[in-house]
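Below, each chain spelled out in residue letters.
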Amino acid sequence: MTSSALPRDAGPDGARVVATLRTLADMTSDDAGAQRVAWTDTWQRARAFLRQQLQELSLAVRTDAAGNQWARLPGGGSGVVIIGSHLDSVPDGGWLDGAYGVMCAVEVLRSLAARGPLPCTLALVEWADEEGARFGHSLFGSSAVAGTLNVAEVRELADASGLLLGDVVAEHGVHLDRLDEARQEIYGARAYLEAHIEQGPVLEREGLPIGAVSGTVGVERHRVTFRGQTAHSGSTPMDIRRDAFLAAAATALAVRESAVRHQGVGTVGAARLRPGIVTAVAGETAILVDQRHPDAGALQAMLGEVQRASEQAAKAEGCAVRWEPIFRARPQPFTDELVGIVREVCTELTGQQRVLPSWALHDATPMAGAVPTAMLFTSSTKGISHAREEDTPEEHLRLGVEAFYRTVCRVIAWSSGSAVSGQ
Ligand code: GLV
Ligand code: MN
Ligand code: MN
């Protein structure tokens, strides 16, 4: 790399990122944790806070057809490097999941806006509904942009109160018939980069503050509904019951057994019993099953095993069972060259390098299918995420900001063939 003709900026301010994240957490959390669930007023408050940050940098903010917010720092040439993450959280979530990556991206934009024009455009994106907490479908905005969102499938999705996804997003200005228009947002994109907390225990166990991500694992997510017979809890003898909950419970155990057998993970994160009262045998029980594995074949084996187990459990309890797909993602490797750049930056800052897979999904997952992509992780305290206890030592968060900044500078240089100094 030749030396840059561009003036250096002062570099990013990690302390400012942490302070901004704390302000955002105060604005959008209650005693149970962060409440920035997508398509709610609290989420919109968080997005307005982001717009305010960007407007202070004199950057215009626009919303695309899928509800994602964009700000662009125009540069020379036709190429674009995209940086970002999401502001939505799960209910009772943590302060850093997604928000860390968005605020890292703001800080990098702020630093780079202070120097002369870049050799390419740098775009910040804040993705809509990464979590899928309400409708079960993760990565809404990013998969619309990447062109992998199945509109027919999401049209059918309803939340726990029966509201349809299409109606809810329309209240926020997003129309499923026009989602395709969001694909134009990545014309000219040369790279996508995202910073995120690990959300697992690997970096902390190894005493590392930051690491590079090799890609994301595959996911299969289904609603499994058992139907038996609602009956009186007192007067129905045990041998004539058709208890839908017991069939669901046996299936939940099979989800765990199969995940352990294949060294994957499997979760039943939600169950709904009908009528759901203590004086009735549940005539219907629906569970949400999430299974993950880095290997596509092993993931299909896990799915098949649990499907068979659910049929056996249903038969044993005199119930019927129905499987409905909610969401799936293939194992998605990131781009070797870009992962190499993240690794190089980590080595430079910590003297060590670690490349690890992500067992959590990210907006980088669909983006990696469309654009060269990489991610940087910071450690997560006790590996806890999707919970109010989610945390990361402040010095790791600050180091992550510097590492992300250096990565972005190098990737801009990589994508435009010119040098951009960032250490
Ligand atoms: C989202 O955080 C997911 O990993 O499902
Ligand atoms: Mn996230
Ligand atoms: Mn999350």
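The structure contained in this document is the topic of the report that follows. Not measured: the values here are computed from a predicted model.

### Topic: the overall build of the protein
The number of helices and strands found in the protein is 12 helices and 17 strands. Here the C-alpha atoms of the protein give a radius of gyration of 23 Å, agreeing with the 22 Å that 2.2 N^0.38 yields for 423 residues. Residues classed as buried in the protein amount to 55% of the 423 residues present. Summarising the internal contacts of the protein: among those between residues at least 6 apart in sequence, 79% fall at separations of at least 24.

### Digging into the coordination of the manganese ion (ligand 3)
The protein atoms donating to the manganese ion (ligand 3) are Asp97 (OD), Glu131 (OE), Glu131 (OE) and His386 (NE2), with metal-donor distances spanning 2.1 to 2.5 Å. In primary sequence terms, the donor set of the manganese ion (ligand 3) follows D-x33-E-x254-H. A distance of 3.6 Å spans the gap from the manganese ion (ligand 3) to the manganese ion (ligand 2), which aspartate 97 bridges by coordinating each metal. Of this pair, aspartate 97 sits in the loop between β5 (80-86) and α3 (99-113) while glutamate 131 sits in the loop between β6 (121-127) and α4 (140-146); the two residues are 34 residues apart in sequence, bridging distant segments of the chain. Residue glutamate 131 is classed as buried on the basis of its relative accessible area of 10%.

### Quick word on the packing of aromatic side chains
We describe a pair of aromatic rings using the distance from one ring centre to the other and the angle between the two ring planes. A full pass over the atoms with the stated rule returns 4 aromatic pairs. Pairing tryptophan 39 with tryptophan 43 gives two aromatic rings, centres 4.9 Å apart and planes at 70°, and the pair type is edge-to-face. Neither residue differs from the other here; tryptophan 39 and tryptophan 43 are each classed as buried. Ring geometry for tryptophan 127 versus tyrosine 192: centroids 5.9 Å apart, planes at 70°, classification edge-to-face. Of this pair, tryptophan 127 sits in strand β6 while tyrosine 192 sits in strand β7 (residues 189-197), placing them 65 residues apart in sequence. Here tryptophan 127 and tyrosine 192 have matching classes, each one buried.

### Concerning the nonpolar core
Nonpolar side chains in soluble globular proteins generally cluster together in the buried interior. Core analysis: the biggest nonpolar cluster contains 101 residues, and Trp39, Ile82, Leu112, Leu122 and Phe140 have the highest contact counts within it. The greatest single-element share of this core, amounting to 10 residues, is contributed by α3. Not counting the four nearest positions on each side in its chain, tryptophan 39 is found in contact with Ala66, Ala128, Asp129, Arg134, Phe135, Phe140, Val168, Val169, His172 and Val174. Grouped together as the second largest cluster of nonpolar side chains are 14 residues, Val224, Ala247, Cys319 and Trp323 included.

### Digging into helix α1 (residues 14-28)
If you check α1, its first and last C-alpha atoms are 21 Å apart, about what 15 residues at 1.5 Å a residue would give, namely 21 Å. For α1, the complete set of buried residues consists of Gly14, Val17, Val18, Thr20, Leu21, Leu24, Ala25 and Thr28. Buried residues of α1, seen end-on, are gathered within an arc of 160° and therefore sit on one face of the element. The secondary structure elements touched by the buried residues of α1 are β1 (29-30), β2 (33-34), α2 (41-56), α3 and α12 (394-416). Measuring from the side-chain oxygen of the N-cap residue of α1 to the backbone nitrogen of alanine 15 gives 3.0 Å; that N-cap residue is aspartate 13.

### Here we look at the site of ligand 1
Ligand 1 sits among Glu130, Glu131, Ser138, Arg221, Arg292, Ala360, Leu361 and His386. Between ligand 1 and arginine 292, the relevant distance is 2.7 Å, taken from an oxygen atom to a side-chain nitrogen or oxygen of the residue. Relative to its unbound accessible area of 200 Å², ligand 1 is 93% covered by the protein chains. Grouping the constituent residues of the shell around ligand 1 by class yields 2 nonpolar, 2 polar and 4 charged.

### Let's talk about the coordination of the manganese ion (ligand 2)
Only His86 (NE2), Asp97 (OD) and His196 (NE2) from the protein coordinate the manganese ion (ligand 2), and they sit 2.1 to 2.2 Å from it. Read in sequence order, the donor residues coordinating the manganese ion (ligand 2) give the pattern H-x10-D-x98-H.

### Side note on the pairing of strand β4 (residues 69-73)
Of all 5 residues making up β4, 4 are buried, and the element is well covered by its neighbours. In this sheet, β4 lies alongside strand β3 (residues 61-63) in antiparallel orientation, the contact comprising 3 bridges. Across the sheet, arginine 62 pairs through a bridge with tryptophan 70, a residue of β4. Where β4 meets β6, 5 bridges bridge the pair, whose relative direction is antiparallel. The residue bridging glutamine 69 from the neighbouring strand is glutamate 126, located in β6.

### Observations concerning the pattern of salt bridges
Counted under the stated rule, the structure contains 22 salt bridges. Of the charged contacts, one joins arginine 227 and glutamate 284 as a salt bridge, the two residues approaching to 3.1 Å between their closest N and O atoms. With arginine 227 in strand β9 (residues 218-227) and glutamate 284 in strand β13 (residues 284-293), this residue pair connects regions lying 57 residues apart in the sequence. According to the relative accessible area criterion, arginine 227 is partly exposed, its value standing at 37%. With a closest N to O distance of 2.9 Å, glutamate 305 and arginine 261 form a salt bridge. With glutamate 305 in helix α9 (residues 296-316) and arginine 261 in helix α8 (residues 244-262), this residue pair connects regions lying 44 residues apart in the sequence. The class for glutamate 305 is partly exposed, based on a relative accessible area of 21%.

### Considerations on the packing of α1 against α2
Interaxial distance between α1 and α2 falls to 10 Å at its minimum, and their mutual angle equals 150°. Considered as vectors, α1 and α2 are oriented roughly antiparallel to each other. Helix-helix and strand crossings are classified by hand; for α1 and α2 the assignment is right-handed. Contacts between α1 and α2 involve Thr20, Thr23, Leu24, Met27 and Thr28 from the former and Thr42, Arg45, Ala46, Phe49 and Gln53 from the latter. Grouping the amino acids of the contact of α1 with α2 by side-chain chemistry returns 4 nonpolar, 5 polar and 1 charged.

### Some details on the side chain of threonine 365
For threonine 365, the location among the structural elements is in helix α11 (residues 364-368). Of the residues examined, threonine 365 reaches a relative accessible area of 5% and is grouped as buried. The residues touching threonine 365, leaving out its near neighbours within four places in the chain, are Leu139, Thr216, Ala329 and Gln332.

About the criteria used
- Residues numbered from 1 in each chain as written.
- Chains lettered and ligands numbered in written order.
- Predicted model: local features only at pLDDT ≥ 70, side-chain atom pairs only at ≥ 80, totals over all residues.
- Heavy atoms only, no water.
- Helix = DSSP H or I, 4+ residues; strand = E, 2+ residues; numbered from the N terminus.
- Rg over C-alpha atoms; globule rule 2.2 N^0.38 Å.
- Buried < 20%, exposed > 50% of the residue type's maximum accessible area, 1.4 Å probe, protein only.
- Contact = heavy atoms within 4.5 Å.
- Donors = N, O, S within 2.8 Å, 3.2 Å for Na, K, Ca; no water.
- Phe/Tyr/Trp six-rings, centres within 6.5 Å; stacked < 30°, edge-to-face > 60°.
- Core = buried A, V, L, I, M, F, W, Y, C linked by side-chain atoms within 4.5 Å.
- Expected span 1.5 Å × (residues − 1).
- Arc of directions from axis to C-beta.
- Polar contact = N/O pair within 3.5 Å; in protein donor to acceptor, adjacent residues only side chain to side chain.
- Near = heavy atom within 4 Å.
- Areas by Shrake-Rupley, 256 points an atom, 1.4 Å probe, with all protein chains shown as cover.
- Nonpolar A, V, L, I, M, F, W, Y, C, P; charged D, E, K, R; others polar.
- Pairing = 2+ DSSP bridges.
- Salt bridge = Lys/Arg side-chain N within 4 Å of Asp/Glu carboxyl O.
- Axes fitted to C-alpha atoms, helices over the stretch in contact; angles between N-to-C directions.
- Parallel < 35°, antiparallel > 145°, perpendicular 65-115°, else oblique.
- Left-handed = near helix turned anticlockwise from the far one by under 90°.

Everything listed is a geometric property; what it means functionally is a separate question.
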